[in-house]
Amino acid sequence: MLITCPYCGPRDVSEYSYQGDGNRTRPDPASTDQEAWNAYVYDRLNPRGEHHEIWQHSGGCRAHLKVTRNTLTHVISSVGFARDAGHRKSDGHRKTGAEA
Amino acid sequence: MSPRRAVSGGRIDRLRTIRFTFDGHSYTGHAGDTLASALLANGVTLFGRSFKYHRPRGVLTAGVEEPNALVTVLSGAVREPNIPATMLEVYDGLIAESQNRFPSLEYDVGAINQLGGKLLGAGFYYKTFMGPVIGPLKGTRFWMFCEHFIRRAAGLGRAGTEREPSRYERMNAFCDVLVVGAGPAGLMAAKAAADKGVRVILADLDANPGGSANWSDETIDGMAAADWAAETVRELKARENVRMLPRTTVWGYYDNNTLAALERVADHKLAPAKGEPRHRQWTIRTGAVVLATGALERPLVFPGNDRPGVMLASAVERYVNQYGVLPGRKFAIFTNNDSAYRAALALKKAGGEIAAIVDLREKISPAAREIAGKVGGAHHTGHAVIDTEGGKQLTGIKVQRFDDRTGVLSDDPRNIPADCLLISGGWSPTIHLASQAGLNPVWSDELQAFLPPQATQNWVGAGGFNGGFTTAGALAEGHAAGLKAAGAPAAAIELPAVDDDGLDPKPAPVLEIKAKGKAFVDHQHDVTADDVRLAHQEGFVSVEHLKRYTTLGMATDQGKSSNVPGLAIMADALGKQIPEVGTTRFRPPFAPVSVGSLAAERYGDIRPDRLTPMHDWHLENGATMYGAGLWHRPMIYALPGETVEQAYVRETKTVREGVGLVDVSTLGKIAVQGPDAGEFLDRVYTNMFSTLAVGKARYGLMLREDGLVLDDGTTWRLGQHDFLMTTTTANAGKVMQHLEYLLDVVWPELKVQLTSVTDQWAGAAIAGPKSRDVLAACLTGTKADNETLPFMGIVRGEIDGAPVMICRLSFSGELAYEVYCGAGHGTHVWEALMKAGKPFGIVPYGLEALGTMRIEKGHVTGAEIDGRTTARDLHLDWMLSKKKPFVGSAMMDREGLVGEGRLQLVGIVPLNNRPVNGGAHIVEELYEDGPRDSIGHVTAMCYSPTLGKYIALALVKDGKSRRGTRAFVSDPLRKRFGPVEIVSHHFYDPEGNRMHG
Ligand SMILES: [Zn+2]
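Residues numbered from 1 in each chain as written. Chains lettered and ligands numbered in written order. Predicted model: local features only at pLDDT ≥ 70, side-chain atom pairs only at ≥ 80, totals over all residues. Heavy atoms only, no water.

Caption draft 1: Focus on the packing of helix 4 (residues 184-195) of chain B against helix 10 (residues 471-485) of chain B. Residue and element names in this part refer to chain B. Where helix 4 contacts helix 10, the two axes come as close as 7 Å, and the packing angle between them is 30°. Taken together, the axes of helix 4 and helix 10 lie roughly parallel to each other. The way helix 4 lies across helix 10 gives a crossing that is right-handed. Residues Pro184, Ala185, Met188, Ala189, Ala192 and Ala193 of helix 4 pack against Thr471, Ala474, Leu475, Gly478, His479, Gly482 and Leu483 of helix 10. (Axes fitted to C-alpha atoms, helices over the stretch in contact; angles between N-to-C directions. Helix = DSSP H or I, 4+ residues; strand = E, 2+ residues; numbered from the N terminus. Parallel < 35°, antiparallel > 145°, perpendicular 65-115°, else oblique. Left-handed = near helix turned anticlockwise from the far one by under 90°. Contact = heavy atoms within 4.5 Å.)

Following this line, the structure appears as structure tokens:
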């Protein structure tokens, strides 16, 4: 299987490590909603067909990629940086150093 | 001259004689022979005993699909079992053995299983080893006892126990066109593609490319087909853009046109040449693939079809034409199609006597009728073979009138003497690779075979693979496929001329003759036609279930010759058509693959090692090294005559009373830098780091998202935006990945950069009451007194001219410092510290002493941070900040992670002062009837020289409340039982006065 890293180009799957279901959204860090945390930590989609997955280019640039892959045919229809996809609820209660 | 070698003919080198041994007997063959052809030439017909019934078996085929003639090759004490004799090239000094027989092939005790034939039918193992549910043996272990013997009798070759010394290699290759199979179609395809200037790889199973050209009797372009093939191969070899891979099985077709291939580099030699691997595992990435894998002939299913001397017609044709071997004297032929007539012609030409041709079809082609007339012998159309005769060798066949539309046998059977029976049930295209890169195969009624599926990857087929069985067709299709794969437009050329023999490859739709006796479908797994029917009677409808229940097609040959006949019988039983019953998908590997070639350089002497900068010093100074993952770390530095325990006890004592030095370079080190570094650490650690002063370090604890402990370590603040994080040796990679994920995926807005610097820093921990004095003696540029360098303080300075960074922290519980320097200065600084420490009696110490001191202190490591423990379980809840959320904070107080019943960290003191082992259970009582009711387990133990007794750490249910109580250690594996006292895990200096002093 080849994954086309936006930085490095098409590379063999052995250069990547799977980092889980890309459909998960991390709750707000301060959230105490156990259902939401439980879903984030344990619930995984297991679709037959198109799936969003996070892969790290661990043997390359180490970026995390959001990969849309068909679990039936292994056809990869899109690859982008995971950081652009939004996998967290806004972290409202603290300011980052850049803003402070 | 060997008894069965034809006087002339064949493509073996008759001038080169090869000497080899089979079952202890010496034989000779010629260069170009396989073990099968050489043994047949010597008159050997018995090659092995069958899997279940120990029936005598000969050789059925001449190629990779061989189910019967599997042998074990011996080389020294190393045994390589289950090698098809048809694929093993003979070499001087080859030693091979038959398999699955005791005490010898001729007299086999296990053949008694034949008498118990009824017992060993389909599903035998499933039925039997559930155990009888009624009767006197109900619920007894009698069947378990029997199983041992039956299993031993029913098996394939036996693997050796010696370490395999061969070297294996992995190789990557890239090309535009990969051609699989170098028969006429493949050769033409490779040539057409190569002519277009693209990079071509041509892989073939055999030593000599040519495929069917090597054993057909045809002419191509006015020369013998084999000469045409040799000429074409010579031409291709001269091209710079063509790589030939002979003796190579392309066994897997993966995504993105990536194919796996095994090259048998040295299996045809007594020993590989210097530097040569035994096998080479290829990963080939290609633009397009030409599948020119040909077709495999199928046996017919009838009683006695497994007797030695019964062979595929095409195999006999190959033995005659390629190897110059006549595998019998008097030949009979049994077929459902025309192709077997070609073999009759070859036999006749080589001087064989044709006793009879039995064709189950009433009507046959004129071409076939003409050949039958030419070769002589009786010609029985509309007849079938209903049984064979003979013991370990065929002596005759029984023939009866047969209606190929109704399957009804009639008239009286007649006997025909023959010592070799050629059978042909038609041909199945070798679509295994296509099936891995395509949809479902397509059934052809006309050919009674599955044709290649619609492609889901970029491949194109040619020749027999497509279901065409003429050489002229193969040449034309090969040429077109080569052009297409190379991306060139179709173009007609004048193709090499081939004589057309006019034979019709379409078989009659009959694969089984139903008569009395064992008729084998899967020879290798001893599955009979009745077994398939029995499975149907017992309710198995799905072909996938049928396979698993009968084990049809599940042996090392993966049902290459049994798949279609098996389906035909199943379809017949179900009253359905074959395509309705379905086929099973072919999965990789196409043929068995050596495990060594998959491991290749990752096994044995070329496994990577991680060495610390001071590695050589450790070796030169008597360290016993210890493997920790890929790292090598000193375990002890034993003095002459010391045991391991004596060495670590001495080292520990010296540290506690004086000073010692330990290599900590293996700790994971991550530079966490950027304006948001402090905020980031606050989120990933359970405690605060943004408030840490520059020039100070802090012990930190990390949880996983699920609230369990991930890792611990100290993190040093080197500057406002610059932290150096340390992790445990084992978790360095895991922690890095965890942090990178959070930063990249969850909090990309944080301005933080992570860099692994594990290998950039060498680290040495100097520990003991005299450690400050040693530093004072060699450190320049800074002082090391308590004011300049307080507990958890950091200074920079120089040791013997090398810049160092020193943090005062302690794992041992003594006054201690970690000295970091650039990896290149590691040994230099280490030696300077040893020299400065000499007047103070410094010793180097290893992991055992380090471990002893951490147990005495009650510090946790990977044995306690085992992925199941929480911070509270380890009494680290004081590190859980209540002022901020952190990774794991939302999940750590879930039901089940808090409250009663948790395993908690405790200290253990054996009251009999005997050692206990890690993994031993803790129980409240020792019961007479055996160990039970564990309340926890020991995680680490040592002899504590400080306390003068054995101590251990353990995780015990509600351990904290059990402090001061008694329990027992129960270690039935090592037979160690005894009373213990549960105590606090802080055995030594619980207030930490020594390290703060
Ligand atoms: Zn990349």
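Caption draft 2: Spatial organisation of the environment of Phe791 of chain B. Residue and element names in this part refer to chain B. Summarising the element assignment, Phe791 is placed in the loop between strand 40 (779-780) and strand 41 (794-799). Spatially, the C-alpha atom of Phe791 lies 9.0 Å from that of Ala816, the residues being 25 residues apart in sequence. Phe791 has contacts with Lys696, Arg808, Leu809, Ser810, Met995 and His996, leaving out every residue within four places of it along the chain.

Caption draft 3: Spatial organisation of the coordination of the zinc ion. Residues and elements named next belong to chain A. Listed as protein donors to the zinc ion are Cys5 (SG), Cys8 (SG), His57 (ND1) and Cys61 (SG); their distances from the metal cover 2.0 to 2.3 Å. Here the zinc ion is ringed by 4 donor atoms whose angles at the metal span 104 to 116°, and the overall shape comes out tetrahedral. Sequence spacing of the donor residues for the zinc ion, all on one chain, is C-x2-C-x48-H-x3-C. Placement of Cys8 in the loop between strand 1 (2-5) and strand 2 (9-12) and of His57 in the loop between strand 4 (50-56) and strand 5 (64-70) is noted, with a sequence separation of 49 residues between them. (Donors = N, O, S within 2.8 Å, 3.2 Å for Na, K, Ca; no water. Tetrahedral: all angles 85-135°; square planar, octahedral: opposite > 155°, others 65-115°.)

Caption draft 4: Fine view of the sheet that holds strand 6 (residues 76-81) of chain A. Residue and element names in this part refer to chain A. One open sheet accounts for 4 strands, arranged 3-4-5-6; its pairing is antiparallel. Every interior strand has two partners, whereas the edge strands, strand 3 (17-21) and strand 6, have only one. The average angle at which neighbouring strand axes cross in this sheet is 30°, direction not considered. Of the strand pairs in this sheet, strand 3 and strand 4 are connected by 3 bridges, and their pairing is antiparallel. The residue bridging Asp21 from the neighbouring strand is Glu53, located in strand 4. (Pairing = 2+ DSSP bridges.)

Caption draft 5: Examining the interface of chain B and chain A more closely. Counting residues at the interface gives 28 residues for chain B and 35 residues for chain A. In total, about 2800 Å² of surface goes out of reach between chain B and chain A, with carbon and sulfur atoms giving 48% of it. Taken together, the links from chain B to chain A amount to 4 salt bridges. A salt bridge links Asp744 of chain B to Arg83 of chain A; the shortest N-O distance between them is 2.8 Å. At the surface where chain B touches chain A, the tally comes to 13 residue pairs in polar contact (both at pLDDT 80 or more). Mapped onto the side of chain B that touches chain A, the elements with two or more residues apiece are helix 18 (677-684) and helix 19 (732-746) of chain B. Tallied by class, residues from the side of chain B that touches chain A come to 12 nonpolar, 2 polar and 14 charged. (Buried area = accessible area lost by both parts, 1.4 Å probe. Salt bridge = Lys/Arg side-chain N within 4 Å of Asp/Glu carboxyl O. Polar contact = N/O pair within 3.5 Å; in protein donor to acceptor, adjacent residues only side chain to side chain. Nonpolar A, V, L, I, M, F, W, Y, C, P; charged D, E, K, R; others polar.)

Caption draft 6: Highlighting the UniProt feature "domain: FAD/NAD(P)-binding" (unreviewed entry) in chain B. Cross-referencing UniProt, the feature "domain: FAD/NAD(P)-binding" (unreviewed entry) maps to residues 176-440 of chain B in the present numbering. End-to-end, the C-alpha atoms of residues 176-440 of chain B are 26 Å apart, and along that stretch the chain is 23% helix and 38% strand. (UniProt positions renumbered as here; feature names shortened; annotations may be inferred.)

Caption draft 7: Looking closely at the confidence of the model for chain B. Per-residue pLDDT for chain B averages 92, and the proportion of residues at 70 or more is 94%. Confidence estimates for the predicted assembly give a pTM of 0.83 and an ipTM of 0.91. (pLDDT = per-residue confidence, 0-100.)

Caption draft 8: Looking closely at the packing of aromatic side chains. Applying the stated criterion to the full structure yields 20 aromatic pairs over all chains. With a centroid separation of 5.1 Å and 75° between ring planes, the pair formed by Tyr943 of chain B and Tyr950 of chain B is classed as edge-to-face. What links up through ring pairs into an aromatic cluster is the set Trp617, Tyr637 and Trp830 of chain B. Across from the ring centre of Phe81 of chain A, 4.9 Å away, lies the NZ or CZ of Arg83 of chain A, which sits over that ring. Seen from the ring of Tyr927 of chain B, Arg932 of chain B lies directly overhead, with NZ or CZ sitting 3.8 Å from the centre. (Phe/Tyr/Trp six-rings, centres within 6.5 Å; stacked < 30°, edge-to-face > 60°. Lys NZ or Arg CZ within 6 Å of the ring centre and 35° of its normal.)

Caption draft 9: Molecular detail of unusual backbone geometry. Residue and element names in this part refer to chain B. Here the residue pair Pro588 and Pro589 is connected by a cis peptide bond, since its omega of 0° sits within 30 degrees of zero. Within the secondary structure, Pro589 sits in the loop between helix 14 (578-581) and helix 15 (595-599). Of note in this structure, Asn256 is not a glycine but carries a positive phi near 55°. Among the structural elements, Asn256 can be located in the loop between strand 13 (248-254) and strand 14 (258-264). Its identity is not glycine, yet Asn913 carries a phi of approximately 50°, on the positive side. Here Asn913 shows up in the loop between strand 45 (903-910) and strand 46 (921-923). We classify Asn913 as partly exposed; its relative accessible area is 38%. (Buried < 20%, exposed > 50% of the residue type's maximum accessible area, 1.4 Å probe, protein only.)

Caption draft 10: Representation of the packing of helix 11 (residues 529-537) of chain B against helix 12 (residues 543-550) of chain B within the structure. Residues and elements named next belong to chain B. At a closest axis distance of 10 Å, the pairing of helix 11 and helix 12 adopts a crossing angle of 120°. One way to sum up the angle between helix 11 and helix 12 is to call them oblique. Both helix 11 and helix 12 take part in a crossing whose hand is right-handed. Contacts between helix 11 and helix 12 involve Asp531, Val532 and Ala535 on the former and, on the latter, Leu546, Tyr549 and Thr550. In terms of residue class, the contact of helix 11 with helix 12 is built from 4 nonpolar, 1 polar and 1 charged.

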